[in-house]
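# Structural characterization, general
The lines below spell out each chain.
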Amino acid sequence: AQMANVDHVEDLLRRQLVKIQRNVSQVFSELEQTFHKLDEVNHTNKLNMGDVHRALRHLRSELNHAKDYGSQLARREAEVQRSMSQVKQETSRLGEMSITD
């Protein structure tokens, strides 16, 4: 009877071991799938980061163009201001001349 009990316990332990091995195997399989998914996500993120860097370079270039254009406009505005001031001076000088005539 004792031997039968030992055999029975051994059998139960063997079944438990098989279940545990199956579970461990499933967990490893899921971990492997998760790793592959993460690897894909990482790869996609790297590609996206490349896109982001390209977009930033493009924006920086656009910003530099805008700054250059702004500088040109500021110079042009200064020229126009000088011209307007010269015209005012000339106008007032001509006005003074016509008064004295």
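To start, this report covers the structure provided alongside it. On a predicted model such as this, the values are computed, not experimentally measured, just so you know. (Residues numbered from 1 in each chain as written. Predicted model: local features only at pLDDT ≥ 70, side-chain atom pairs only at ≥ 80, totals over all residues. Heavy atoms only, no water.)

## Quick word on the overall build of the protein
Keep this limit in mind: Working definition: helices are DSSP H or I runs of at least four residues, strands are E runs of at least two. Numbering for both runs from the N terminus. Our radius of gyration is a C-alpha quantity, and the globule rule it is checked against amounts to 2.2 Å times the number of residues to the power 0.38. Exposure categories follow from relative accessible area, calculated using a 1.4 Å probe and restricted to protein chains: below 20% of the type maximum is buried, above 50% is exposed, and the middle band is partly exposed.
Helix and strand counts for the protein come out as 1 helix and 0 strands. The C-alpha atoms of the protein give 43 Å as radius of gyration, which overshoots the globular expectation for 101 residues (13 Å, by more than 25%). Reported as C-alpha extents along the three principal axes, the dimensions of the protein are approximately 145 × 20 × 10 Å. Split into buried and exposed, the 101 residues of the protein put 0% on the buried side.

## Looking at the environment of Met97
In this fold, Met97 is placed in helix α1 (residues 2–100). Sequence separation between Met97 and Tyr69 is 28 residues; the distance between their C-alpha atoms is 41 Å.

## Section: the environment of Glu40
Tracing the backbone through its elements, the reader meets Glu40 in helix α1. On the basis of relative accessible area, Glu40 is assigned to the exposed category, the value being 54%. In sequence terms Glu40 and Ser25 are 15 residues apart; their C-alpha atoms lie 23 Å from each other.

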